[in-house]
Amino acid sequence: MKFGAPLLVLVLLLSAHNSMAQVQVIEAGAVTSSDNPSKSASAGASASTGAIANRSARAAQGELFYQLQLLQDEIMQLRGLVEEQQNSIRRLQQQRLDDYLNLDKRISELTSRPSKAMSASAASTPPQSSGTQPVTLPTEVAGADEVSAYKAAYDLVKAQQFDKAKAAYETFLQMYPTGQYRPNALYWLGELYLLESDLEAARQSFAQLDQYPNHRKVPDALFKLAKVYHLQGNADKAKQLLQQVISTYGAKGHSAATLARDYLAKNFTQ
Amino acid sequence: MKKLLVMFAVFCLWSTSAWSELTIEITQGVDNPTSIAVVPFLWQGSGPISEDLAGIVAADLHRSGQFKPLSRGDMLGLPHEQQEVFYRDWRALGVEYLLVGKIVQGSGDQPIQVQYELFDVLKQSRLLFKRTGGQVSQLRDIAHLISDEVYLQLTGIRGAFSTNILYISAKKLSGSNFSYRLVKADADGARSLLILESREPIVSPAWAPNGKEIAYVSFETGYPAIYRQHLASGKRKRLTHFKGLNSAPAWSPDGKSMAMVLSKDGNPEIYIMDLATEKLTRITNKFSIDTEPSWMPDGKSIIFTSNRGGKPQLYQYTLATGWIERLTFEGDYNARGRPLPDGQSIVFVHRNKGQFHIAVQDLAKGTIDVLTKTFLDESPSIAPNASMVMYATQRRGQGILAAVSIDGRVKFHLPSKYRDVREPAWSPF
């Protein structure tokens, strides 16, 4: 092992030397002493053609040594370059992260400012695709940290990183037990549990929305809750909830009522 | 016979307790140093006393750059204890703190007893009241101890006035004949003590973490060899004497091993010697030069200088993993790295526009501060309380020692009257 590295260098050097000899084989007739390094490279070439004189062998050895030193210098310079570039990259990465955090902080400050227009545009969640309808979040002012934490979790949902999103919502609920976005977080957590068929956890999440009877997420949550009960085998409870959704929200033309009607028709033969 | 006499004379000179080879010139202090009055201590014994305790304390505090002692000629009174202190007088002189004391003759193993008191003039309150004692030969130690206490009380930082330094001094005798000396002295340059004298170079003095042993490289056999020597007994042992380079010994923080540079296997590489067994482990293996090892305070990694990237730069070797990371990127020459006691920053020799200066780098942030404006600065060594860095530099063609505070605000020189001085090594506490 101890001799492994020098041996490797030697092998590399030899192969490098050979290729050089091949390039210079045309002028191989002129065998000179080792005091001229570029010429004496051709000494190696003449050796490879078979005419091995003692003198040229010694010259080749000298050349080998010279090449070794050149190579070492070259490696050192390259190493220095790599180290410096590595450092530059690390600094740039850090700089980028710092810039981003700075920007993020400033944006959060802007969105948390009590200007109606600002907070409304920043706090509305984009439509989502899992069957429920787009929901606009309340426009009341929430803390900047809460908004950014909620948005971060929601972005994870959009990026389909469901495990991370779940963790983010759980943390969010712990950190902001009375937050403005708590009902939304509960709803999304329920969706995420449902996605991985953790029915009991999903049921608990959806059920907690009954603390917010006027919240916009409630019809969807009730519908999902019914679905969970149905999947858990509690058909009676599921049916009862579906009918509740239809009777409460059907008149208002809420999409949850439509979904409930379809679900009822498909799964429960009346 | 004549030679013997000379040797005897030299011996007498060296053994004089207050003899000092180095003098101190403070070249720069902080902008608003704290004003303190150190009143001459009252001596209540018989006969004259050999040291001016208050003078030593005042000089210590002055040297820190953070204090401006009141000159004795300006003092309106010379109190020695609390009852004699009139705060009004001192406030009129703009004095913020006042140190008074008295020395009495004791008995037994403490023939000298000192009582001292520190006052806050503005608040009119006593901050310190302490007694200490010792032998007549320990008067300077007592004075430095008082300086340490006062410094700690007023700055919150442990004082390093009681510590020692090692340095190498050289004098040209004739032609190519030099005399080299390895000297130990108090941190203020006083009480120099000759450890080793040789016609061949002595380099790289280093302290053991317990402050009781030192290591150095001596060429006395014609070739470099690393020695360790017990200070009190003077007993020494040759650790390495390999063909080629034997240099830069650096004791590990636990005192059990020593990093060093040997070129026995080809080119200079860093080795660690287990001091109990004297077994060597090679930790670098490159065709480049690896040298000047220095331990991080946690003992888990070693800082060294290497030209593996084409130019001398500092690298850090982690012992557990063998991972090597480059630390310095500013400038084309960074060498002789020494970590601060907290391990957060390193001090090193940095070349900027062709000039060699001492610089400090924050390891986490990577930012560097150049501390010195002198030329050809080398061999930085850090005080154990991290307040000052002592280094070697050139002035008017002569090698001198200089010191700079870690924030670069305080500077002083310690020129020798007769000799070139280099390679300071500051002792642990």
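Residues numbered from 1 in each chain as written. Chains lettered and ligands numbered in written order. Predicted model: local features only at pLDDT ≥ 70, side-chain atom pairs only at ≥ 80, totals over all residues.

1. Some words on the overall build of chain B
Line of reasoning, step 1. Summing up its helical and strand segments, chain B has four helices and 31 strands in all.
Line of reasoning, step 2. Scored against the burial criterion, the 429 residues of chain B give a buried share of 43%. (Helix = DSSP H or I, 4+ residues; strand = E, 2+ residues; numbered from the N terminus. Buried ≥ 20, exposed ≤ 12 C-beta atoms within 10 Å, placed from the backbone.)

2. What about the overall build of chain A?
Line of reasoning, step 1. The helix and strand tally for chain A stands at eleven helices and zero strands.
Line of reasoning, step 2. Along chain A, helices (α) and strands (β) appear in the sequence α-α-α-α-α-α-α-α-α-α-α when read from the amino end.
Line of reasoning, step 3. Buried positions account for 27% of the 270 residues belonging to chain A.
Line of reasoning, step 4. Contacts in chain A between residues at least 24 apart in sequence constitute 42% of all its contacts with a sequence separation of at least 6. (Contact = placed C-beta atoms within 7 Å.)

3. Details of helix H11 (residues 255-267) of chain A
Residues and elements named next belong to chain A.
Line of reasoning, step 1. If you check H11, its first and last C-alpha atoms are 18 Å apart, about what 13 residues at 1.5 Å a residue would give, namely 18 Å.
Line of reasoning, step 2. Residues of H11 that are buried: Ala256, Ala257, Leu259 and Ala260. The arc that holds the buried residues of H11, viewed along the axis, is 160°, so those residues lie on one side. Opposite its buried face, H11 presents the exposed residues Asp262, Ala265 and Lys266, each directed more than 90 degrees away. (Expected span 1.5 Å × (residues − 1). Arc of directions from axis to C-beta.)

4. Observations concerning the confidence of the model for chain B
Residue and element names in this part refer to chain B.
Line of reasoning, step 1. In this model, chain B carries a mean pLDDT of 89, and residues with pLDDT of at least 70 account for 95%.
Line of reasoning, step 2. Contacts of residues 1-18 to residues separated by more than four positions or lying in other chains number nine contacts, the stretch itself having pLDDT below 50.
Line of reasoning, step 3. The ipTM, which scores confidence in the relative placement of chains, is 0.71 for this predicted complex, and the corresponding pTM is 0.65. (pLDDT = per-residue confidence, 0-100.)

5. Details of unusual backbone geometry
All names here are of chain B.
Line of reasoning, step 1. For Glu278, which is not glycine, the phi torsion reads 60° and is therefore positive.
Line of reasoning, step 2. As for its placement among the helices and strands, Glu278 is situated in the loop between strand E17 (269-274) and strand E18 (279-282).
Line of reasoning, step 3. Within the chain, Glu423 stands out as a residue other than glycine whose phi angle is a positive 50°.
Line of reasoning, step 4. Along the chain, Glu423 falls in strand E31 (residues 420-426).

6. Description of the packing of helix H9 (residues 218-232) of chain A against H11 of chain A
A pair of packed helices is characterised by two quantities: the angle between their axes and the separation of those axes.
Residue and element names in this part refer to chain A.
Line of reasoning, step 1. It is the contact of H9 with H11, at a shortest axis distance of 9 Å, that shows an interaxial angle of 15°. Viewed along their axes, H9 and H11 adopt a mutual orientation that is roughly parallel. Between H9 and H11 lies a crossing of left-handed hand. Between H9, through Pro219, Asp220, Leu222, Phe223, Ala226, Lys227 and His230, and H11, the contact on the second element is made entirely by Ala256, Leu259, Ala260, Tyr263 and Asn267.
Line of reasoning, step 2. For the contact of H9 with H11, the per-class residue count stands at eight nonpolar, two polar and two charged. (Axes fitted to C-alpha atoms, helices over the stretch in contact; angles between N-to-C directions. Parallel < 35°, antiparallel > 145°, perpendicular 65-115°, else oblique. Left-handed = near helix turned anticlockwise from the far one by under 90°. Nonpolar A, V, L, I, M, F, W, Y, C, P; charged D, E, K, R; others polar.)

7. A short note on the interface of chain A and chain B
Line of reasoning, step 1. Counting from both sides, the interface comprises eight residues of chain A and, opposite them, nine residues of chain B.
Line of reasoning, step 2. The residue inventory of the side of chain A that touches chain B, partitioned by class, reads one nonpolar, four polar and three charged.

8. Describing the sheet that holds strand E22 (residues 324-326) of chain B
Residue and element names in this part refer to chain B.
Line of reasoning, step 1. Read across the open sheet, the four strands follow the order E19-E20-E21-E22; overall the sheet is antiparallel. Edge positions in the sheet fall to strand E19 (290-295) and E22, since each has one partner strand and no second. Strand-to-strand twist of the sheet, defined as the mean angle between neighbouring strand axes without regard to direction, takes the value 30°.
Line of reasoning, step 2. In this sheet, E22 lies alongside strand E21 (residues 313-318) in antiparallel orientation, the contact comprising three bridges. In the strand pairing of E22, Tyr317 is matched with Ile324. (Pairing = 2+ DSSP bridges.)

9. Observations regarding the nonpolar core
Where a protein is soluble and globular, its nonpolar side chains tend to be buried together.
Line of reasoning, step 1. Counting residues in hydrophobic clusters, the biggest one holds 73 residues, and the most contacted among them are Met260, Val389 and Leu401 of chain B.
Line of reasoning, step 2. Not counting residues up to four positions away in its chain, the partners in contact with Met260 of chain B are Ile226, Thr240, Ser247, Ala248, Pro249, Tyr271 and Met273 of chain B.
Line of reasoning, step 3. Ala153, Tyr154, Ala165 and Leu209 of chain A belong to the second largest nonpolar core, which has 40 residues in total. (Core = buried A, V, L, I, M, F, W, Y, C linked by C-beta atoms within 7 Å.)

10. Description of the sheet that holds strand E10 (residues 193-198) of chain B
By definition, the strands of a sheet pair up through backbone hydrogen bonds, in either a parallel or an antiparallel sense.
Residues and elements named next belong to chain B.
Line of reasoning, step 1. If you walk across this open sheet you meet the four strands as E10-E9-E8-E31, and the pairing is antiparallel. Of all strands in the sheet, those bounded by a partner on one side alone are E10 and E31. Averaged over all pairs of adjacent strands, the angle between strand axes in this sheet comes to 20°, irrespective of strand direction.
Line of reasoning, step 2. Direction of pairing for strand E9 (residues 177-186) relative to E10: antiparallel, over a ladder of five bridges. In the sheet register, Arg181 faces E10, and the bridge partner there is Glu197.

11. Describing the environment of Lys237 of chain A
Line of reasoning, step 1. Relative to the assigned elements, Lys237 of chain A resides in helix H10 (residues 235-249).
Line of reasoning, step 2. It is 7.2 Å that separates the C-alpha atoms of Lys237 of chain A and Ala226 of chain A, two residues lying eleven residues apart in sequence.

12. Section: the pairing of strand E20 (residues 301-306) of chain B
All names here are of chain B.
Line of reasoning, step 1. For E20, the tally of buried residues reaches six of six residues, placing the bulk of the element in the interior.
Line of reasoning, step 2. Bridge count between E19 and E20: four bridges; the pairing is antiparallel. Each bridged residue has a counterpart across the sheet, and for Trp295 the counterpart in E20 is Ile302.
Line of reasoning, step 3. Counted along the chain from E19 to the antiparallel partner E20, the turn is five residues long, and its residue Gly299 has a positive phi close to 70°.
Line of reasoning, step 4. In this structure, the hairpin formed by E20 and E21 is closed by a connection of six residues, where Gly310 is found at a positive phi of approximately 95°.

13. Let's talk about the confidence of the model for chain A
All names here are of chain A.
Line of reasoning, step 1. When the pLDDT values of chain A are averaged, the result is 73; 69% of them are 70 or greater.
Line of reasoning, step 2. Within chain A, helix H3 (residues 54-111) carries the highest mean pLDDT (89), whereas helix H1 (residues 4-24) carries the lowest (40).
Line of reasoning, step 3. Note that pLDDT drops below 50 for residues 1-44; the model gives that stretch 45 contacts with residues more than four away or on any other chain.
Line of reasoning, step 4. For residues 116-140, every residue scores under 50 in pLDDT, and the model assigns this stretch 29 contacts once sequence neighbours within four places are set aside.

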